[in-house]
Each structure stands twice: as C-alpha cells, then as structure tokens.
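What follows is the residue order along each chain.
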Amino acid sequence: MKVLFAVSECVPFIKSGGLADVAGSLPKEIKRLGTDVRVIMPKYGTISDTYKQGMKKISEFTVQVGWRNQYCAIEEYTLDHVTFYFVDNEQYFSRGRMYGYDDDGERFAYFSQAVLESLPRLSFYPDVIHCHDWHTGMIPFLLTRKYSWRKEYASIKTVFTIHNLQFQGIMPREALHDLFSLEDKYFNIEELEFYGNINFMKGALVAADKITTVSPTYMNEIQTDYFGERLNGVLNKRKADLSGIVNGIDGEIYNPENNECLVQNFRVSDAEHLKLKNKRFIQEKFALPKTDAPLMTMITRLTKQKGLELVRGVFHELMHEDIQLIVLGTGDPEFEDFFRSMEHQYGGKFKAYIGFDESLAHQLYAGADLFLMPSKFEPCGLGQLIALAYGAIPIVRETGGLNDTVLSYNEVTDEGNGFSFTNFNAHDMLATIRRALFFYKQKDVWSTLIKRAMLMNNSWSQSAYKYHQLYSELQLRSDAHVLK
Ligand code: ADP
C-alpha cells in the first residue's frame, strides 16, 4: 500500500505546533506497519541549511495557479527511511514565516495543485493521499472534480485529518476561478460555498473519502454548534465517514531517558530524585529561588484557544499561592504583553519567556512538577502528553483530547494521572490548581502520580494501526471499484 502525506509543516524540518509533530512521527510508525509512506510539504526558506544541503532536486515543472504559470521544483530528502518531497518555489515559500501572509490562500492553492501535478513526475501514484488541515483541504476536492478523469488518478482515495477546525482557509468567491480555474458551478452550498465565500477546509469535508480528527471527544464536539465553527452541519452529514484517532508522541524525541537537551536524564525508577536536578537547573536559569515550591509551566501558543484568559483572570490570586510559574510561548500581543508585565510585578516567582525554543521546552517539561493547559478547546493536545512522559503532572480542562488523555486524580479510588476541571471558568481552574498543590505536599500520592504519568503509553503504535486500517479499508474499496 502506498500513502502520500500532504502537510504544511513537519518535524524536524520546521514546526509551529502539534501538526508538525504528528507529520514527523506518524509516517515513521505507519511505515513500520509495511506501508510505503512518503511526505510532501513546502520548502520554506526558514528550514535549516543542515537539511537543505541534503536535498536533491528530482523534478522541475510548472504549476498553473489560475492564470499564473508558476515554477515548481521537487526536492527529495530521506530521513528514518521515510522519503520527504519538498515543493520549492521561492516566491511563495522563501519568507520569514510559514503563515500569516495576505496571499496564504494563493500559496496553499499553489501547493495543493503542485502536489497533484507532482505525482506523474515522481512516478508515484499513491493509493491514499492523506491531507492535513485547511492548507491541503482543496486536494481531495480538486482530485474528485478536476483530476479523476486521468486514468492513474481514478483510484486514488483521500483521508483528511482535522487538527484544528478553527482555521479553515476562507477566501473570496473569485478564488475559485482565480486560483483553481474552477467553474462557478462549484459555488454552491453542497460544495465550496461558505457564507458568501469559499472555504478550503469545507472542500475536504465534502470531498474526502474519510475524515478523521485527533481525538474521539473532539470528534463529538465539532458536530455541535458550540465547537463546530459553522461547519458542524457538514460534519454531521459526513458522520458515517468521520472518526477520532488520538495522537501519540514520538518516543525517540520525547524521552527523558536519553533526550540530549536535559541536564539530567531520568527514568521512572529514579524520576522523583533526578527530576529535581532539572528543576534546580531551571530555577537557576530563570533566576528563581531554589525552593521546594512546586514549579508549574505552560508551553504554548499564546492564543485564546489555550485558555489564557482564565490564567489572566486569576493571576494575582495564583501568585498568592506557594508556587513558581514559568510560561514559554509566543502569539497574541495582548498575552505576550500581559505576561511581560506580570513578570515585572512578580519576578520572584513568575517568569515569561516570549519566544519559541524547542530545547528549552524539553528542559521545562523535565523540570516542572505541574503542567497547566486550561484550553477552551483542544483537538488533541500534545503538551499534556509530553508533560506526562516527563513526569510533570498535567492540570487541564476537560475538552477534546485533554479529556481523552488526562484522568483527574480521585483520592477515593486512587485513580488518575492529573487534575482536571469541567467548566471554562477561571475560579474552577484556580480551585483545581489548589487541589493539585494540596496533593503535591503528600509525597506518597505525588510519587504515585509521577510513576503513573510516566508509565502511560502515549506512543503512536495503537493510533498508527487505526490509520493503517482506515487506509486498508479505502484500498479495498478502490480494488472493488476496479473489479467492477
Ligand atoms: P497546538 O498544536 O495547538 O499548538 P499542541 O499541544 O498540540 O498544541 O502542540 C504544541 C507543540 O508545540 C508541543 O510540542 C509544544 O511543546 C510545542 N510548543 C508550543 N509552544 C512552544 C514554544 N514557545 N517553544 C517551544 N515549543 C513549543
């Protein structure tokens, strides 16, 4: 079986969030199950030269983006036995950031069409193209409406994974013709039309053979008005083809036993004792007093999704607790400014590192006693999974994947691997943090929690198998089609 992952970011080449982690680790796992899986993504200017130097150009052609004929080169790179294809066009991708430009619609319209046009040049016709998030949402739509008449494309099936329904790629109606040379007939409510515009993600939701999202709870949530981002109606219609498969984490990267960023590696058996060295290192690095007050961290995009309004709402009360807090994040200026000013006020117990720093993230997970993730919504969330692996006990809101991976500690039954609260309410969050601080002082409870957290199996193996089954189901469907 042959599968092509089409994705906008991928570890270790480039990352803005969990999507890149998934794209970097899931293909390796699927490959282990005997599938020929390859990945195609943009060649961004900001990818490190270490990787760029190892890329080999294997094809050059032009891609039509509406009336424009755009240059396209495909460069190849192999890592962990997985082949990566990089779509090279400097005008679109050689920029300072990955996203956030006025012409993002055009950039990913180009990318989507480059993916489809690349197949004959690569002599690789996959059984399944697995697309991720809005950037690649038009691929299933274009495949079924524009390309399926080509013999080699006719049996290709598509899977579309929703990593975050909030970002949809909404573009003016004119984009239909201007970016895709598609006729106006596709501007209808059953296809691309979305409140007077077109919507890339909707393209995938109506055209992909299977739709997945990254946790069972989020799958249910997105079919409701509250979480559905105005696409819940479409998702409801596709219910039969929709499934929720929880993400895993890459055990080769997120492993406290051998991660090179840590000052002190540790495993379950010695975590209690050795995690402390990581905590002291962090306290020193951030000029915090080396006390035994619990160290809580947040490592996150600074956006409303991540529940930062709750943190802001009770910040002063939180600072009255015997706690140290470090936030590592970047994002909305309102939150960046807020945390900077709080550091000014509470510098003895609160620090903010505004930026993106992968190795610091590892050190913080390792040094932390607690990890706070009070998201408003959370498709899956990787932060809490990494925290668990590093013995930092998560405090989360019960939504999406947080609900599926963190079970609140129950002192009666002695079950649970973290702490959680139900309502999106700042004082509920504060009460839950206080509850965690109470149990932190009970050393036997805390050491059980650390062990339980670190022993959880958050690897990809089970989920990779579920994706593999999904692909196999589609392959059988297309074989049946050919036999007819
Ligand atoms: P999302 O994909 O919504 O941003 P996830 O929890 O799924 O959230 O994944 C976030 C990933 O990005 C985690 O691996 C987390 O450690 C990492 N991360 C987030 N912010 C930063 C940052 N400022 N510096 C380093 N790593 C970060």
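Residues numbered from 1 in each chain as written. Predicted model: local features only at pLDDT ≥ 70, side-chain atom pairs only at ≥ 80, totals over all residues. Heavy atoms only, no water.

- Per an unreviewed UniProt entry, the chain is named Glycogen synthase, and its organism is Bacillus benzoevorans.
- Quoted verbatim from the Function (unreviewed entry) field of UniProt, the annotation for the chain is "Synthesizes alpha-1,4-glucan chains using ADP-glucose." (UniProt positions renumbered as here; feature names shortened; annotations may be inferred.)

**Topic: the layout of surface pockets**
Move 1: A volume near 360 Å³ is recorded for the second largest pocket.
Move 2: Lining the second largest pocket are 23 residues, with Ile-249, Gly-251, Tyr-254, Asn-255 and Ala-389 sitting closest to its centre.
Move 3: Residue contributions to the lining of the second largest pocket peak at four residues, all from helix α1 (residues 18-32).
Move 4: Each residue belonging to the lining of the second largest pocket can be placed in one class, and the counts come to 10 nonpolar, six polar and seven charged. (1 Å grid on protein atoms, 1.4 Å probe; cavity = no way out; pocket = protein on both sides within 12 Å on 5 of 7 lines; lining within 4 Å. Points joined across faces, edges and corners; volume = space filled by probe spheres on them. Helix = DSSP H or I, 4+ residues; strand = E, 2+ residues; numbered from the N terminus. Nonpolar A, V, L, I, M, F, W, Y, C, P; charged D, E, K, R; others polar.)

**Considerations on the environment of Pro-256**
Move 1: Mapped onto the elements, Pro-256 comes out in the loop between β12 (242-244) and α10 (271-285).
Move 2: Along the backbone, Pro-256 and Tyr-465 are 209 residues apart, and their C-alpha atoms lie at a distance of 25 Å.
Move 3: Sequence-distant contacts of Pro-256, that is, excluding residues within four places in its chain, are made with Leu-262, Asn-265, Phe-266, Ala-389, Tyr-390 and Met-454. (Contact = heavy atoms within 4.5 Å.)

**What about the nonpolar core?**
Move 1: Grouped together as the largest cluster of nonpolar side chains are 94 residues, with contacts concentrated most on Val-87, Tyr-110, Ile-162, Phe-180, Leu-182, Ile-198 and Leu-205.
Move 2: Ranked by residues supplied to this core, first place goes to helix α4 (residues 104-122) with nine residues.
Move 3: Grouped together as the second largest cluster of nonpolar side chains are 73 residues, Leu-295, Met-298, Ile-323 and Ala-387 included. (Core = buried A, V, L, I, M, F, W, Y, C linked by side-chain atoms within 4.5 Å. Buried < 20%, exposed > 50% of the residue type's maximum accessible area, 1.4 Å probe, protein only.)

**A closer look at empty space enclosed by the protein**
Move 1: Applying the stated criterion to the full structure yields one cavity of 30 Å³ or more.
Move 2: Val-11, Asp-21, Val-22, Gly-24, Ser-25, Gly-248, Ile-249, Asp-250, Ile-253, Tyr-254 and Leu-382 are the residues that line the largest cavity.
Move 3: For the lining of the largest cavity, the per-class residue count stands at six nonpolar, three polar and two charged.

**A closer look at the sheet that holds strand β6 (residues 128-132)**
Move 1: Strands sit in the order β3-β4-β5-β2-β1-β6-β7-β11-β12 across an open sheet of nine strands; the sheet is mixed. Two strands close off the open sheet at either side, each with one partner strand: β3 (56-65) and β12. Averaged over all pairs of adjacent strands, the angle between strand axes in this sheet comes to 25 degrees, irrespective of strand direction.
Move 2: As judged from the five bridges shared by strand β2 (residues 36-42) and strand β5 (residues 82-88), these two strands associate in the parallel manner. Within β5, the position partnered with Pro-42 by the bridge is Val-87.
Move 3: Contacts from α4 reach β1 (2-6), β2, β3, β4 (68-79), β5 and β6 within the one sheet, and its direction differs from that of β3 by about 125 degrees.
Move 4: Lying on the sheet, helix α5 (residues 138-147) is in contact with β1, β6 and β7 (157-162); it crosses β6 at an angle near 145 degrees. (Pairing = 2+ DSSP bridges. Axes fitted to C-alpha atoms, helices over the stretch in contact; angles between N-to-C directions.)

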